[in-house]
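Okay, here's what each chain looks like letter by letter:
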Amino acid sequence: MKLLFLCLLLARNPLSDSLDLRVESLHDSIISIDTHNDFAMSLAFPRDRHTVAKGQVSFELMKQGRLDAAFFAAFQSQGPCTEEGRARAKWLADSMLRALHWYAHENQHLGEIAYCMEDIQRLKAQGKAAMLLSIENAYCLGEDLSLVEHYYNMGVRMIGLTHNGNNDIADSSMDSVERHGGLSPFGFRVIKEMNRLGIIVDVSHASRKTCLQAVSASHTPVMASHSCVYNLKQIPRNLTDQEIIAIAEKGGLIQISIGRYFLSFLPKDQVGLPLLIEHINYVVNLVGIEHVGIGSDFDGGGGIVGVEDMGQMKAITRALLEEGYSDDDIAKLWGGNVLRVMEEVSKFARSF
Ligand SMILES: [Zn+2]
């Protein structure tokens, strides 16, 4: 047995070893950021029927996968836009954000909540994970503009306008009917308020009209925190070339999701890194490396062969190197682009 182990050790491919070393040293110098996971739902409501609890997200897994920072979303599915529904949505969002604060506090030896670019850089230097807070579905704002600041004060730095149904703010990509024809008048005010405070506008899940209107209404770059390419998988949740180009022209980002649902119609066991790279390449060829990144959707349906959880994020770096991407390109894709957008958004807010 010992001899077999020794033979296996000697037989390891030196080229493969050197690529692994390159991946490690690259992660020493870059900042890697994943812009979407749904860990909050499973943390706060482990038995909720919408929870897709898979254990794909933790500070330990971030360390293992060399992932420096991640946006943790307080997600909720769309309910009725009634006084009662909106109150429940606010209670759900508040509960999930409090649960995330609790998690960061309990695990402060491994990570902390980050509120700005400088926090992420400081935590990287300390070898700690950075937890950024976001909201997936602005339903929780109801019709109350003051709640944007309430969530900013809770640490939220990105808000997704919709989930899979229309709300008071905007129309969703997955609803069968249009309610507002894109953003509602209140939705336009919400975007203005997000710009004033320094919160990134997230257009993943938004309808095509909502996305294009949000891009032009926002004074700062917008992000699709977890979306893929419509031309490669034609589902309403993916972005058309028109949307990708509009987002990029405004300086924004298309964060490719690590999920079969977004990437391919192939069976789950056939969806791996080559398809993820295909979607990345498509966006790079259309609008450039400055406008693409990763938004895993872990604990919300994400996960492909070879990248099953946050502990395996380095496999993406390796695949990008094999594809011929330079260290500079990978630094931008993994986190440089997100840091640039965060800085632009907070710079605009500081101008008030
Ligand atoms: Zn989502």
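Shown above is the structure to which this text applies.
Here's what I pulled together on the structure shown here. (Residues numbered from 1 in each chain as written. Predicted model: local features only at pLDDT ≥ 70, side-chain atom pairs only at ≥ 80, totals over all residues. Heavy atoms only, no water.)

**Here's the deal with the coordination of the zinc ion**
The coordination sphere of the zinc ion, as far as protein atoms go, consists of Glu136 (OE), His205 (NE2) and His226 (NE2), spread over 2.0 to 2.2 Å. Sequence spacing among the residues donating to the zinc ion works out to E-x68-H-x20-H. Here the residue histidine 205 occupies a position in the loop between strand E6 (200-202) and helix H9 (208-217), and histidine 226 occupies one in the loop between strand E7 (223-224) and helix H10 (241-249), the gap between them amounting to 21 residues. Given the relative accessible area of 7%, histidine 205 is considered buried. Looking at histidine 226, the relative accessible area reads 1%, which means it is buried. (Donors = N, O, S within 2.8 Å, 3.2 Å for Na, K, Ca; no water. Helix = DSSP H or I, 4+ residues; strand = E, 2+ residues; numbered from the N terminus. Buried < 20%, exposed > 50% of the residue type's maximum accessible area, 1.4 Å probe, protein only.)

**Structural notes on helix H12 (residues 273-287)**
Residues spaced three or four apart along an α-helix point in a common direction, a consequence of the helix completing one turn every 3.6 residues. The end-to-end C-alpha separation of H12 is 21 Å, in line with the 21 Å expected for 15 residues at 1.5 Å each. Counting buried positions over the 15 residues of H12 gives eleven, a clear majority of the element. Buried within H12 are the following residues: Leu273, Leu275, Leu276, Ile277, His279, Ile280, Asn281, Tyr282, Val283, Val284 and Val287. Looking at the buried residues of H12, the elements they touch are H10, strand E8 (253-256), helix H11 (260-263), strand E9 (292-294), helix H13 (314-323) and helix H14 (327-350). Immediately beyond the C-terminal end of H12, within one or two residues, lies glycine 288, with a positive phi of roughly 105°. (Expected span 1.5 Å × (residues − 1). Contact = heavy atoms within 4.5 Å.)

**Regarding the packing of aromatic side chains**
Evaluated as defined, the whole model comprises seven aromatic pairs. Taking the centre distance of 5.8 Å and the plane angle of 80° together, the rings of phenylalanine 39 and phenylalanine 72 count as edge-to-face. Of the two residues, phenylalanine 39 sits in helix H3 (residues 39-44) while phenylalanine 72 sits in strand E2 (residues 69-75), which places them 33 residues apart along the sequence. Considered together, phenylalanine 39 and phenylalanine 72 belong to a single accessibility category, that of buried residues. (Phe/Tyr/Trp six-rings, centres within 6.5 Å; stacked < 30°, edge-to-face > 60°.)

**Here's the deal with empty space enclosed by the protein**
Tallying each qualifying case throughout the model produces one cavity of 30 Å³ or more. Counted as a void, the largest cavity has a volume near 40 Å³. Lining the largest cavity are Ser173, Val203, His205, Ala206, Arg208, Ser227, Pro236, Arg237, Asn238, Leu239 and Glu243. Here the lining of the largest cavity is composed, by residue class, of four nonpolar, four polar and three charged. (1 Å grid on protein atoms, 1.4 Å probe; cavity = no way out; pocket = protein on both sides within 12 Å on 5 of 7 lines; lining within 4 Å. Points joined across faces, edges and corners; volume = space filled by probe spheres on them. Nonpolar A, V, L, I, M, F, W, Y, C, P; charged D, E, K, R; others polar.)

Purely geometric numbers; function is a separate question.
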